[in-house]
Amino acid sequence: MRDARITGIGSFRPALRVGNSAIAERLGSTEQWIQERSGIVTRGVAEQESVVDMAAASSGKALAMAGVDPAEVGLVLLATCSMPGPLPGGSPQVAQQIGASKAGAADVGAGCAGFTYALSMARDAVRCGTAEHVVVVGSERLTDLIDYDDRGSAFLFGDGAGAVVVSAGADGIGPVVWA
C-alpha cells in the first residue's frame, strides 16, 4: 500500500469576533476567569455563514494550497455535529460548492473526535487506492446550540471550519490508535 499525507490545509474564521467580556458579564464571571480556564480570548460567531459555507471556504483554500483540481477529488468527508437537521447531509453540498462533482461524500458525526475519524478514513481511502485525493473538513456552528447560561461550557464554543487535503505521498499520516 502507498502512504497518504496532508498536502494542503485551509481554514475559515467568521468575521464577527466575540470577546470574553460579553460572555463573562452574562455568567457573572470575569474575562480573566474564562481565559485562565480555557486559553480563549475571542471566538468566531457565524452570522450568515452556514456549516456548509464555512466548510466549502476552508476546503477551497486547502485545495489551492495542495494544487489539486477539485475535479480530481475522490471523496469529501465533513465532520460536524451542528448541521441544522439530519438530512440532507452537508458533505454532498460541500462537494458541489467546491466543484468536486465526481466525489463521494459522507458526513462524520462523532462530535469532538469527528475530524480525527474522518482523517483516518481519508488516509485509508488514499492508501487503498479508493481515492487519489480526499478533502477532510471539520465545520461547526455551535453558537446556535450552546446554552449561554451554562457556566461550565458557554465560553468554550465558537464557529468556524478547518480542512485538509489528503493525497498519496511519503512520510505520511501514521497509523491510528483508538482508545
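That block above? That's the structure.
Rules behind the numbers
- Residues numbered from 1 in each chain as written.
- Predicted model: local features only at pLDDT ≥ 70, side-chain atom pairs only at ≥ 80, totals over all residues.
- Heavy atoms only, no water.
- Phe/Tyr/Trp six-rings, centres within 6.5 Å; stacked < 30°, edge-to-face > 60°.
- Helix = DSSP H or I, 4+ residues; strand = E, 2+ residues; numbered from the N terminus.
- Buried < 20%, exposed > 50% of the residue type's maximum accessible area, 1.4 Å probe, protein only.
- Lys NZ or Arg CZ within 6 Å of the ring centre and 35° of its normal.
- Polar contact = N/O pair within 3.5 Å; in protein donor to acceptor, adjacent residues only side chain to side chain.
- Contact = heavy atoms within 4.5 Å.
- Axes fitted to C-alpha atoms, helices over the stretch in contact; angles between N-to-C directions.
- Parallel < 35°, antiparallel > 145°, perpendicular 65-115°, else oblique.
- Left-handed = near helix turned anticlockwise from the far one by under 90°.
- Nonpolar A, V, L, I, M, F, W, Y, C, P; charged D, E, K, R; others polar.
- Pairing = 2+ DSSP bridges.

**Q** Can you help me understand the packing of aromatic side chains in this one?
**A** Using the criterion set out here, one finds 2 aromatic pairs in the structure. Both rings, one in W33 and one in F155, keep their centres 5.4 Å apart while their planes meet at 75°; by these two values the pair is edge-to-face. Pair noted here: W33 is in helix α2 (residues 31-38) and F155 is in the loop between β6 (133-141) and β7 (159-168), with a separation of 122 residues, a long-range link. Classification of F155 as buried rests on a relative accessible area of 5%. Where Y117 meets W178, the ring centres are 4.5 Å apart and the plane angle is 15°; that geometry is what we call stacked. Of this pair, Y117 sits in helix α5 (residues 114-128) while W178 sits in the segment after β7, and the two are 61 residues apart along the sequence. The class for Y117 is partly exposed, based on a relative accessible area of 36%. In this structure, R151 packs its charged tip against the face of W33, placed 4.1 Å from the ring centre.

**Q** Help me understand the side chain of S139 in this model?
**A** Inspection of the secondary structure puts S139 in strand β6. A polar atom in the side chain of S139 sits 2.8 Å from the backbone oxygen of V51. Not counting residues up to four positions away in its chain, the partners in contact with S139 are V51, M54, A55, L78, A79, T80, S82, G160 and A161.

**Q** What should I look at first to understand the packing of helix α3 (residues 51-66) against helix α4 (residues 91-98) in this one?
**A** Geometrically, a packed helix pair is captured by the angle between its two axes and the distance between the axes. Where α3 contacts α4, the axes come no closer than 9 Å and their chain directions differ by 50°. The angle between the axes of α3 and α4 places the two elements in the oblique class. Where α3 crosses over α4, the two elements pack in a sense that is right-handed. Where α3 abuts α4, its residues V52, D53, A55, A56, S59, G60 and L63 lie against Q93, V94, Q97 and I98. Grouping the amino acids of the contact of α3 with α4 by side-chain chemistry returns 6 nonpolar, 4 polar and 1 charged.

**Q** Would you mind showing me how to read the sheet that holds strand β4 (residues 73-79) here?
**A** Each strand in a sheet pairs with another by means of backbone hydrogen bonds, the pair being arranged parallel or else antiparallel. The sheet built from 5 strands is open, its strands ordered β1-β7-β6-β4-β5 with mixed pairing. If you trace the sheet from one side to the other, it starts and ends with β1 (4-12) and β5 (104-108), each paired once. Sheet twist, expressed as the average angle between the axes of neighbouring strands with direction ignored, equals 20°. Where α3 meets the sheet, it contacts β1, β4, β6 and β7, and its direction lies at approximately 130° from that of β1. Packing of α4 onto the sheet brings it into contact with β4, β5 and β6, and relative to β4 it is tilted by some 130°.

**Q** Just to check I follow, could you spell out the pairing of β7 for this structure?
**A** Moving residue by residue along a regular strand, the side chains alternate between the two faces of the sheet. Of all 10 residues that make up β7, 8 are buried, and the element is covered over most of its length. Here β1 runs beside β7; their pairing, made up of 8 bridges, is antiparallel. Looking across to β7, one finds that G10 is bridged to A163. Here β6 pairs with β7 via 9 bridges, running antiparallel. Bridge assignment links V134 to a residue of β7, and that residue is V166.

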